[in-house]
Amino acid sequence: MKIWLDGGLRDSDSARVSVFDHGLTVGDGIFETVKAVRGRTFALTRHLDRLARSARGLGLPEPDLDEVRRACAAVVEANPVELGRLRITFTGGHGPLGSDRGDRGPTLVVALGATTRRPDTTAVVTVPWTRNERGALTGLKTTSYAENVVALARAHEHGATEALFPNTVGQLCEGTGSNVFVVLDGEIHTPPLASGCLAGITRALTAEWTGARESDLPLDVLEHADEVFLTSTLRDVQAVHRVDERELPSAPGPVTAKAMRIFDERSGADLDP
């Protein structure tokens with residue numbers, strides 16, 4: 001495997017980041033996951049725009065997006081896969097053993113791993129922990145992901161692939177790595193960004209292409225929603241057939257199935273929407 005690290009391609013065995021990198025010591029970094037299909041990236045411009053927004057929000061230097069594009073192209077070309085997870089990581093770079101940043105500049109890593117298409121339906125669980133819709137990192141895609149690791153482990157313990165969080169006021173927010181949509185009386189709803197959820201790329205495209213509405217939703221909407229589905233870079237649109245102990249045996253329902261079809265068609269027709 002070839003990995004881009006700070007200006008060029010390296011063999012995976014020789015690519016090394018300092019043990020003093022701030023992304024490692026304190027989680028001071030941001031990232032993007034981009035879908036790569038047969039050597040071509042999907043929605044890369046939107047991902048790079050969000051990378052820049054996350055950098056500004058975290059107070060990191062502005063990433064050189066031209067370099068990031070070159071890195072993505074080089075890595076995808078060097079690692080041919082049918083379907084891949086392209087990971088862009090941008091950290092505070094070499095720093096002291098504490099929260100203060102160093103002055104050697106940021107670290108950029110781009111890597112690609114093969115993956116497989118997700119099943120059409122999945123199971124999710126809700127978790128007792130909350131997203132803080134007023135936190136310093138709210139809405140930023142940072143490498144401070146331990147909370148998601150814990151929640152996802154809880155999901156796996158219960159035979160699910162995703163965990164859904166409420167926010168601090170009891171509203172439905174998001175998953176560990178996905179956005180959530182519900183269907184009520186034939187209409188598609190998703191939590192607004194003010195709920196504390198990430199501004200997902202697939203979320204935005206799905207809402208744009210299906211006419212989904214942003215709505216404040218209580219967590220217990222999952223107990224009576226007609227249909228539930230998730231969106232993310234590698235899930236695309238994925239129906240939910242179980243929420244906690246509640247079964248949705250007809251998943252994907254008609255509205256979700258239409259959203260899946262629309263997303264497949266529109267994303268296939270335009271790789272950088």
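None of these values were measured; they are calculated from a predicted model.

Here is what the cut-offs are and how they apply
- Residues numbered from 1 in each chain as written.
- Predicted model: local features only at pLDDT ≥ 70, side-chain atom pairs only at ≥ 80, totals over all residues.
- Heavy atoms only, no water.
- Phe/Tyr/Trp six-rings, centres within 6.5 Å; stacked < 30°, edge-to-face > 60°.
- Helix = DSSP H or I, 4+ residues; strand = E, 2+ residues; numbered from the N terminus.
- Buried < 20%, exposed > 50% of the residue type's maximum accessible area, 1.4 Å probe, protein only.
- Expected span 1.5 Å × (residues − 1).
- Arc of directions from axis to C-beta.
- Core = buried A, V, L, I, M, F, W, Y, C linked by side-chain atoms within 4.5 Å.
- Contact = heavy atoms within 4.5 Å.
- Salt bridge = Lys/Arg side-chain N within 4 Å of Asp/Glu carboxyl O.
- Pairing = 2+ DSSP bridges.
- Axes fitted to C-alpha atoms, helices over the stretch in contact; angles between N-to-C directions.
- Lys, Arg positive; Asp, Glu negative; His and termini not counted.
- Polar contact = N/O pair within 3.5 Å; in protein donor to acceptor, adjacent residues only side chain to side chain.
- Patch = residues over 30% accessible without salt bridge, like charges linked within 9 Å, V, L, I, M, F, W, Y side chains within 5 Å.
- Areas by Shrake-Rupley, 256 points an atom, 1.4 Å probe, with all protein chains shown as cover.

(A) Summary view of the packing of aromatic side chains. Following the criterion strictly, the structure yields 4 aromatic pairs and no others. Taking 4.9 Å as the distance between ring centres and 10 degrees as the angle between the ring planes, the aromatic pair formed by Phe181 and Phe229 counts as stacked. Here the residue Phe181 occupies a position in strand β10 (residues 179-184), and Phe229 occupies one in strand β13 (residues 227-232), the gap between them amounting to 48 residues. Across the pair, Phe229 and Phe181 agree in class, each one buried. Taking the centre distance of 5.4 Å and the plane angle of 50 degrees together, the rings of Trp209 and Phe263 count as tilted. Here Trp209 is found in helix α5 (residues 201-210), whereas its partner Phe263 is found in helix α6 (residues 254-269), with 54 residues between them in sequence. On the accessibility criterion, Trp209 (11% relative accessible area) is buried. Through pairs of rings, three or more aromatic residues link up here, namely Phe42, Trp209 and Phe263.

(B) Molecular detail of α6. Its 16 residues give α6 an end-to-end C-alpha distance of 23 Å, which sits within 8% of 22 Å, the value for a rise of 1.5 Å per residue. Of all the residues in α6, the buried ones are Val255, Thr256, Ala259, Met260, Ile262, Phe263 and Ser267. Seen along its axis, α6 keeps its buried residues to an arc of 165 degrees; they face one direction. The outward face of α6, more than 90 degrees from its buried face, is lined by the exposed residues Pro254, Glu265, Gly268 and Ala269.

(C) Here's a closer look at the nonpolar core. In this structure, Leu86, Ile88 and Val110 are the most contacted members of the largest nonpolar core, which totals 23 residues. Elements supplying a minimum of two residues to this core: β3 (29-37), α2 (44-58), α3 (65-78), β5 (83-91) and β6 (107-114). In terms of residues, this core owes the most to one element, α3, which gives 6 residues. Here Val110 is in contact with Ile3, Trp4, Ala71, Cys72, Val75, Leu86, Arg87 and Ile88, once residues within four sequence places are set aside. Phe42, Ile201, Val237 and Ala259 belong to the second largest nonpolar core, which has 16 residues in total.

(D) Structural detail: α5. Listing the buried residues of α5 in full gives Ile201, Thr202, Arg203, Leu205, Thr206 and Trp209. Positive phi appears at Gly211, one or two residues downstream of α5, with a value of about 80 degrees.

(E) Quick look at the pattern of salt bridges. Inspection of every chain in the model, using the stated rule, returns 14 salt bridges. Salt-bridge contacts for Glu214 lead to Arg203; the nearest nitrogen and oxygen are separated by 2.6 Å. Placement of Glu214 in strand β12 (residues 213-214) and of Arg203 in helix α5 is noted, with a sequence separation of 11 residues between them. Owing to a relative accessible area of 48%, Glu214 belongs among the partly exposed residues under this scheme. By relative accessible area, which is 6% here, Arg203 ends up buried. Beyond isolated ion pairs, a larger network of salt bridges with shared partners links Arg131, Glu147 and Glu174.

(F) Structural context of the sheet that holds strand β4 (residues 40-41). Across the sheet, which stays open at both edges, the 6 strands sit in the order β2-β1-β6-β5-β3-β4 with antiparallel pairing between neighbours. With one partner strand each, in any of the chains shown, β2 (8-11) and β4 form the two edges of the open sheet. Two strands pair when backbone bridges link them, and β3 and β4 are joined in this way by 2 bridges, in the antiparallel orientation. The residue bridging Ala36 from the neighbouring strand is Thr41, located in β4. Lying over the sheet, α2 contacts β3, β4 and β5, oriented at roughly 175 degrees with respect to β3.

(G) How the structure looks around the side chain of Arg242. As for its placement among the helices and strands, Arg242 is situated in strand β14 (residues 236-243). No salt bridge is formed by the buried Arg242; the nearest opposite charge belongs to Glu247, separated by 4.0 Å. A polar atom in the side chain of Arg242 sits 3.2 Å from the backbone oxygen of His158. Setting aside chain neighbours within four positions, we find Arg242 in contact with Thr122, Ala123, Val124, His158, Gly159, Ala160, Glu247 and Leu248.

(H) Main features of a nonpolar patch on the surface. A cluster of nonpolar residues, Val19, Phe20, Leu24 and Leu97, forms a patch on the protein surface that exposes about 450 Å² of accessible area. Looking at the element boundaries, Leu97 is found in the loop between β5 and β6. Residue Leu97 is classed as exposed on the basis of its relative accessible area of 70%.

(I) Here's a closer look at the environment of Cys197. By secondary structure assignment, the location of Cys197 is in the loop between β11 (187-190) and α5. Measuring from C-alpha to C-alpha, the distance between Cys197 and Asn179 comes to 7.4 Å, with 18 residues separating the pair along the chain.

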